[in-house]
Amino acid sequence: MEQGLHCQMGLTDGEYRRILELLGREPNRLELGMFSVMWSEHCSYKSSRRVLEKFPTQGPQVLQGPGENAGVVDIGGGWAVSFKIESHNHPSAIEPYQGAATGVGGIIRDIFSMGARPVALLNSLRFGSLESARVRYLVEGVVAGIGGYGNCVGIPTVGGEACFYPTYAGNPLVNAMCVGILPASSITRGTARGEGNAVMLAGARTGRDGLHGVTFASEELDEQSEEQRPAVQVGDPFTEKLLIESCLEVMERGLVVGVQDLGGAGLTCAASEMSSRAGGGMRLNLDRVHCREEDMDPYEIMLSESQERMLLVVEPAKEQQVREVFERWGLEINSIGEVVSGGMLELFMRGEKMACFPAKMLCEAAPSYDPPFEEPPWFRELKAEHPAELPVPGNLEEAFLKLMASPNIASKEWIFRQYDQQVRTCTAGLPGGDAAVIRLREVEPKGLALSVDGNSRYTYLDPYKGGMIAVVEAARNVAVTGARPLAITNCLNFGSPTRAHVFWQFRQAVEGMSRACEALGTPVTGGNVSFYNETSGEAIFPTPVVGMVGLLEDVRLHCPMGWRQDGELVCLVGDLAGSLAGSEFLHVYHGKLAGELLQPDLERARNLHLFLLEAIGEGLLSSAHDLSDGGLAVALAESSIAGGRGVELELLLPEGARVDELLFGEAQSRVVMSLAQEKEAALKEKAGRYGLPLHRLGITGGDVFSLKTDDRFSIRLSLHKLIHTWEEVLPWYMNRRAL
Amino acid sequence: MKFGVLVFPGSNCDLDAYHLVRDVLEKPVKYIWHGEKKLDGCDCIILPGGFTYGDYLRPGAIASFSPVMEPLKEFALRGGLVLGICNGFQVLVESGLLPGALYRNLHLQFRCSSTHIKVENAGLPFTNLMRPGQLLRMPVAHGDGNYYCDSDTLEELFRHNRVVFRYASPAGETDQPSNPNGSLANIAGICSEGGNVLGMMPHPERAAEALLGSEDGRLVFQSILAHWGEK
Amino acid sequence: MKKSVLDPQGAAVEKALAALGYGNVGRVRVGKYMELLLEKASEEEASAQVEEMCRRLLTNPVIEEYTYRIYRADDGVDK
Amino acid sequence: MKKSVLDPQGAAVEKALAALGYGNVGRVRVGKYMELLLEKASEEEASAQVEEMCRRLLTNPVIEEYTYRIYRADDGVDK
Ligand SMILES: Nc1ncnc2c1ncn2[C@@H]1O[C@H](COP(=O)(O)OP(=O)(O)O)[C@@H](O)[C@H]1O
Ligand SMILES: [Mg+2]
């Protein structure tokens, strides 16, 4: 054994000793490679596992919690929804188009390997400032890559979020989420049960791409990263589309025992996890793996991360039928081995035994750590700063326009117009609303409301409250469409877990998210952790992203965010003024990120969601839009823009609040809504019953956005100007595309 | 009246066309696999949108050599109704059933957005319930919808009223800002000499139900039924 | 791409080059390049087959032109 | 495209050619072809500039390789 080979592969000396102990001998290069990828942070969750155990994962709706390829929740009527979010940050930083595209491909495979028909995609994107040409290059490539893949496979991309803060300049975040539907009684799992069953590898050929991709994902990015070129994979969405159709067909016809996609750590991961879950083993003959290149050795075959491949476990009697399905779709499929009892993973090539050890050693026996953690000094320092000591803007209209033109608030249409949002003809709420709304043809008239959310300004200032807010905001986004929040998936994007400050952030965020999930009754069914998001020793803002699924009992009643008619009443449910702490206004106008966040009131959040469910279900509301970045003024403007009509608003400055806190302050559990004037009494009664404050703000109509406070005209803009300001930001930046 | 929806590897709006005929029009419909050698008595064939063969090489190019294209050509020659939507239009162009070419959008991006199209020929089996000059709202979603043909062909298309739909502003102007892809003369859809083969980039099947935001697209299919003497 | 057909990719590349300071670059055209390996064929047979494949599938005569070159043995056929 | 990188287009074209009866075609790779006209430059300068442009913009070194050829006068520069 070469000295230090394990180090090159990313294993520590301690881990190597443990491998020696477990095996009772020295591993050969192939075995060591397999250990190194499976024991990487990406595959083993060795630093995060014990923290993640804190997530609430139970609930009557949960059919499959964390641990499988994706979670599954019951939606009634015999149907269920499978969903998951995953990061592809590092690959996207190196090759934005292919990195993002293969991220989408990977998450889709997680969903259909559960037996679910993928019906929607979402994504959460974080980049540096658009002033940078490199950042614009990344944005252009990532967005094109997401579209290029999703459009071709025919799954609509229905929503997402995109933020721009300097912290992500060198390490963009690309998180992709997929949602699928399946009969509640026929979940397929990734298990290799049944001694003698065939192990079949289907789809693309195995090439030398992506060797050690997971190790790459478990390291910080540095100047050398661009040289790590062999790790780059190219996505083939056409093959993926064929894989979806053929896999779903064999699963629907009950021809398979277990299925798992080949993602990070390729065949090594799929074979060992499927075996380990079933408590069994596998004997694989690597000569039978269809390879793209000649002379691939066992090491390369086992570690390749070539895309668009699936591993299936099939009873011998059904092998031929399975083969026929894949071949009809023009895909290659080979039986590469069989399930064996006893739990050993045995690999052969050219008649020789190349590796042999218990599959569990790669999975359950993987190390698990409790990294040290420590509250960072800036936590208290930033909290002690009081944004309310800053001067109130002299010109509120100018401040407001500045906010509307922040890339974080401005229209994201430049992004989502590159995505096919409507294929499958199920999208009832297009991107641009609070949550995407899709109908479910399988269980009419039910529908889903889907949202991804995270606010890294908040999580940087206070990861505990920020984590809580991510859940609360995602739930509110689906609730304003009239949906009941069901469950979440999440992607935890952080710096290196070996830094005590980062690990403190991680623990705090998970804690906050857990409390919120418990309070809202939305358990965690799965997710993904992405550590080592750093460039040159600098960690990104801690960025937990929440993917929320909400259920609409009748999709036809879903509530849009724009004013629907002239002459309707505009109301706010929740507190009038918010806080400037960590607000987008503070960032945009004062260039600051500081202050102590308000503690989110989880009880109120829960009541608000119940209130919305009832009010929308009874048809009281014409529109509803949640308040988030930019506060009340921005939310009102967005409802005007979305509805294509103006509004006359008169806001009373609450006692003790400043006008910038009223207009631009941020706080949770607030929603602006419009309704027919005669329904006001009913709404009041309902809000009262749920203990929610209700404020009358104005009347819709005309083509002017007019907002008065204290008898002064604060903001008065033509709708045209408002829309123009908000719409032109991203196109303006992105037209300066040259490097 | 019976509809057939062709399915090529990589078709992905096949489901949408099928759903539209079965659930919205409530008419018989069946999928026809690209490897078939006959059309099984269908009266109208829909070539759906999608990315046949990944749109690798050129959109529609590889699909245009599918076995099913032989009976389709015969069917079209005999006057059978053929509707190609988006990628289906690209297949029709590549196979020579319609003239010209569809290539990369001028701005080089995939574009999914709502467009208005103006009815230029309301006398076809696909448009007989429309008024000339009527505006329809329908989404487009494509990366290669930039219609091109040489000037003789263009003249011939206009002379024989074969330009069926053109992109227009909400006010009905066929101007440059309303053109989502750079197509020659804002062309959104054209038909064959006999008027029985229509290719269009916008998606009528995505605009045929109130829940999806527009019902204008249903007119295309209702016209087909009317032509056939059905309601 | 034929000269008469507007080439959006070429135009975009030209603009991007200009923005990078390569103002002396003009008439950029972007097309496709393919390499294929033809087995068991004399040079003339190869030529004839490539010609036929180009016409039937590899190019679209409405918008594209093509040329090709044939190499022997070790390096396959270049179109 | 680098040899080690998957070329889905090439694979699809190869299959399509086989289906059309050209079973003797293998190893199809599809790439980009560009023509540009460089003004006011000696052959060496042109060479250096093309090299630089390829590295900076025209190709993606992560997945692509490039070669180029330079012609004089009448026909511009061929990459
Ligand atoms: N990357 C993206 N992909 C798809 N849709 C996006 C993306 N970014 C933003 N959107 C859409 O733009 C709208 C506004 O996003 P955002 O401002 O983040 O909303 P919110 O604050 O309500 O979460 C949403 O409807 C969202 O779906
Ligand atoms: Mg929102």
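Owing to the predicted nature of the structure, the values given are computational and were not obtained by experimental measurement.

The rules behind the values
- Residues numbered from 1 in each chain as written.
- Chains lettered and ligands numbered in written order.
- Predicted model: local features only at pLDDT ≥ 70, side-chain atom pairs only at ≥ 80, totals over all residues.
- Heavy atoms only, no water.
- Least-squares fit on C-alpha atoms with pLDDT ≥ 70 in both.
- Contact = heavy atoms within 4.5 Å.
- Near = heavy atom within 4 Å.
- Polar contact = N/O pair within 3.5 Å; in protein donor to acceptor, adjacent residues only side chain to side chain.
- Areas by Shrake-Rupley, 256 points an atom, 1.4 Å probe, with all protein chains shown as cover.
- Helix = DSSP H or I, 4+ residues; strand = E, 2+ residues; numbered from the N terminus.
- Nonpolar A, V, L, I, M, F, W, Y, C, P; charged D, E, K, R; others polar.
- Pairing = 2+ DSSP bridges.
- Axes fitted to C-alpha atoms, helices over the stretch in contact; angles between N-to-C directions.
- Donors = N, O, S within 2.8 Å, 3.2 Å for Na, K, Ca; no water.
- Domains from an automatic or database assignment.
- Buried area = accessible area lost by both parts, 1.4 Å probe.
- Salt bridge = Lys/Arg side-chain N within 4 Å of Asp/Glu carboxyl O.
- Buried < 20%, exposed > 50% of the residue type's maximum accessible area, 1.4 Å probe, protein only.
- Parallel < 35°, antiparallel > 145°, perpendicular 65-115°, else oblique.
- Core = buried A, V, L, I, M, F, W, Y, C linked by side-chain atoms within 4.5 Å.

K.L.:
I'd love a proper account of the relation of the copies chain C and chain D, names of residues and values included.
P.N.:
Here chain C sits on chain D after a turn of 180° about the axis and a move of 0.0 Å along it, with an RMSD of 0.2 Å. Between the two chains, the operation in question is that of a two-fold axis. Residue by residue, 97% of the interface of chain C is reproduced at the interface of chain D, so both copies engage with the same surface.

K.L.:
Residues and numbers for the site of ligand 1, please.
P.N.:
Residues and elements named next belong to chain A. If you check the shell around ligand 1, you find 19 residues, and the closest are N123, G160, G432, G433 and S628. Taking G160, its main chain carries an N or O atom lying 3.1 Å from an oxygen atom of ligand 1. At 3.0 Å from an oxygen atom of ligand 1 is found a side-chain nitrogen or oxygen belonging to S628. Burial of ligand 1 by the protein amounts to 88% of the accessible area it has alone, namely 550 Å². For the shell around ligand 1, the secondary-structure elements that each account for two or more residues are β4 (117-127), β5 (157-164), α16 (413-416) and α18 (463-479). Take the shell around ligand 1: its biggest share by element is four residues, from β5. Split by residue class, the shell around ligand 1 holds six nonpolar, seven polar and six charged.

K.L.:
Requested: an account of the sheet that holds strand β14 (residues 427-429) of chain A, with residues and values cited.
P.N.:
Residue and element names in this part refer to chain A. Taken in spatial order, the six strands make up an open sheet running β14-β15-β16-β21-β17-β18, and their pairing is mixed. Each edge of the open sheet is held by one strand with a lone partner, namely β14 and β18 (524-530). Put simply, the sheet's adjacent strands are angled 25° from each other on average, direction ignored.

K.L.:
Describe the coordination of the magnesium ion (ligand 2), with residues and values.
P.N.:
Residues and elements named next belong to chain A. Each protein donor to the magnesium ion (ligand 2) is listed here as D434 (OD), N477 (OD1) and D626 (OD); together their distances run 2.1 to 2.5 Å. Sequence positions of the donors to the magnesium ion (ligand 2) reduce to the motif D-x42-N-x148-D. Highlighted residues: N477 in helix α18 and D626 in strand β23 (residues 623-626), separated in sequence by 149 residues.

K.L.:
Hey, could you go over the domain arrangement of chain C for me, with residue numbers and the actual values?
P.N.:
How big an interface is tends to be stated in terms of the accessible area lost upon association of its parts. Residues and elements named next belong to chain C. Looking at the assigned domains, one finds that chain C contains domain 1 (1-31) and domain 2 (33-72). Computed from C-alpha atoms alone, the centre-to-centre distance between domain 1 and domain 2 is 26 Å. With four residues of domain 1 in contact, the opposing surface of domain 2 contributes six residues. Summing the contributions of domain 1 and of domain 2, the shared interface buries around 420 Å²; its carbon and sulfur component is 50%. Sorting the residues of domain 1 by area buried against domain 2 places M1, K2 and V5 first, and these three jointly supply 87% of that buried surface.

K.L.:
Which residues make up the pattern of salt bridges, and what are the values?
P.N.:
Side chains carrying opposite charge are able to pair once their charged atoms draw close together. Residues and elements named next belong to chain A. Inspection of every chain in the model, using the stated rule, returns 59 salt bridges over all chains. Between E245 and K241 there is a salt bridge, with the nearest N and O atoms lying 2.8 Å from each other. Note that E245 and K241 are positioned in helix α10 (residues 237-252) at a spacing of four residues, about one turn of the helix. No difference in accessibility class separates E245 from K241, as the two residues are buried. One network of salt bridges, in which partners are shared, links E614, E618, E685, K686 and R689.

K.L.:
How would you sum up the packing of helix α1 (residues 8-19) of chain C against helix α2 (residues 43-58) of chain D? Please name residues and give values.
P.N.:
Running from N to C, α1(C) and α2(D) point in directions that differ by 105°, and their axes come no closer than 11 Å. In terms of orientation, α1(C) and α2(D) fall into the roughly perpendicular class. Across the interface between the two elements, V13(C), A16(C) and L17(C) of α1(C) pack against M53(D), L57(D) and L58(D) of α2(D). When its residues are assigned to classes, the contact of α1(C) with α2(D) shows six nonpolar, no polar and no charged.

K.L.:
So what's going on with the packing of helix α3 (residues 29-38) of chain A against helix α11 (residues 266-278) of chain A? Which residues, and what values?
P.N.:
All names here are of chain A. Across the interface, α3 lies against α11 with an axial gap of 10 Å and an inter-helix angle of 80°. With respect to each other, α3 and α11 are oriented roughly perpendicular. Counting all contacts with α3, which are made through M34, V37 and M38, the residues of α11 involved are T268, C269, S272 and E273. Looking at the contact of α3 with α11 residue by residue, the classes come out as four nonpolar, two polar and one charged.

K.L.:
Could you give an account of the domain arrangement of chain A, naming the residues involved and the relevant values?
P.N.:
Domain annotation of chain A identifies domain 1 (57-361) and domain 2 (372-405 + 559-727). Domain 1 of chain A and domain 2 of chain A are separated by 41 Å when their C-alpha centres are compared.

K.L.:
I'd love a proper account of the pairing of strand β12 (residues 344-349) of chain A, names of residues and values included.
P.N.:
Residues and elements named next belong to chain A. Pairing of strand β9 (residues 281-285) with β12, which is carried by four bridges, proceeds in the parallel orientation. Considered in β12, the bridge of L284 is made with L347. Bridging between β12 and strand β13 (residues 352-358) involves six bridges; their strand directions are antiparallel. In the strand pairing of β13, L347 is matched with A355. The hairpin turn running from β12 into β13, its antiparallel successor, is two residues long, and R350 in that turn takes a positive phi close to 45°.

K.L.:
I'd like to hear about the nonpolar core, residue by residue, with values.
P.N.:
Core analysis: the biggest nonpolar cluster contains 156 residues, and I108(A), L312(A), F326(A), F3(B), L72(B) and F165(B) have the highest contact counts within it. For F326(A), the contacting residues outside a window of four places in its chain are A202(A), L243(A), S246(A), C247(A), V250(A), L312(A), L331(A) and I333(A).

K.L.:
Outline the sheet that holds strand β7 (residues 135-142) of chain B, supporting the account with residue identities and numerical values.
P.N.:
Residues and elements named next belong to chain B. The strand order β2-β1-β3-β4-β11-β10-β9-β6-β7 describes an open sheet built from nine strands, whose pairing is mixed. The sheet terminates laterally at β2 (29-33) and β7, the two strands that pair on one side only. Mean inter-strand twist for the sheet, computed between neighbouring axes without regard to direction, equals 25°. As judged from the four bridges shared by strand β3 (residues 44-47) and strand β4 (residues 81-85), these two strands associate in the parallel manner. Residue pairing in the sheet places I46 in a bridge with L83 of β4.

K.L.:
Outline the side chain of S456(A), supporting the account with residue identities and numerical values.
P.N.:
Residue and element names in this part refer to chain A. By secondary structure assignment, the location of S456 is in helix α17 (residues 456-461). In this structure the side chain of S456 is engaged in a polar contact, spanning 2.9 Å, whose partner is the side chain of Y168. If sequence neighbours within four positions are ignored, S456 has contacts with R126, Y165, Y168, F541, P542 and T543.

K.L.:
So what's going on with the interface of chain D and chain B? Which residues, and what values?
P.N.:
Taken together, the contact pairs six residues of chain D with four residues of chain B. For the pair chain D and chain B, the summed buried surface comes to about 490 Å²; carbon and sulfur atoms form 85% of the total. Along the contact surface separating chain D from chain B lie zero salt bridges. Here chain D is connected to chain B by one residue pair in polar contact (both at pLDDT 80 or more).

K.L.:
Kindly report on the interface of chain C and chain D, identifying the contributing residues and their values.
P.N.:
Taken together, the contact pairs 30 residues of chain C with 29 residues of chain D. Contact between chain C and chain D buries roughly 2,800 Å² in total, counting both sides, with carbon and sulfur atoms accounting for 56%. Looking at the side of chain C facing chain D, the largest losses of area belong to Y22(C), N24(C) and L37(C), adding up to 20% of the total buried there. Run the count over chain C and chain D and you get zero salt bridges. Scanning the region where chain C abuts chain D turns up 14 residue pairs in polar contact (both at pLDDT 80 or more). Where the side of chain C that touches chain D is concerned, the elements lending two or more residues are α1, β1 (25-38) and α2 (43-58) of chain C. For the side of chain C that touches chain D, the leading source of residues is β1(C), giving 14 residues.

K.L.:
Now, about unusual backbone geometry: what can you tell me, with residues and values included?
P.N.:
The phi torsion of most residues other than glycine is negative, and most of the peptide bonds are trans. With an omega dihedral of 0°, the bond running from E444(A) to P445(A) counts as a cis peptide bond. As for its placement among the helices and strands, P445(A) is situated in the loop between β15 (436-439) and β16 (447-453). Positive phi values are uncommon outside glycine, yet E26(B) reaches one of about 55°. Position of E26(B) among the secondary structure elements: in the loop between α1 (14-25) and β2. By relative accessible area, E26(B) is classed as exposed at 63%. In this structure, N186(B) takes a positive phi of about 55° despite not being glycine.

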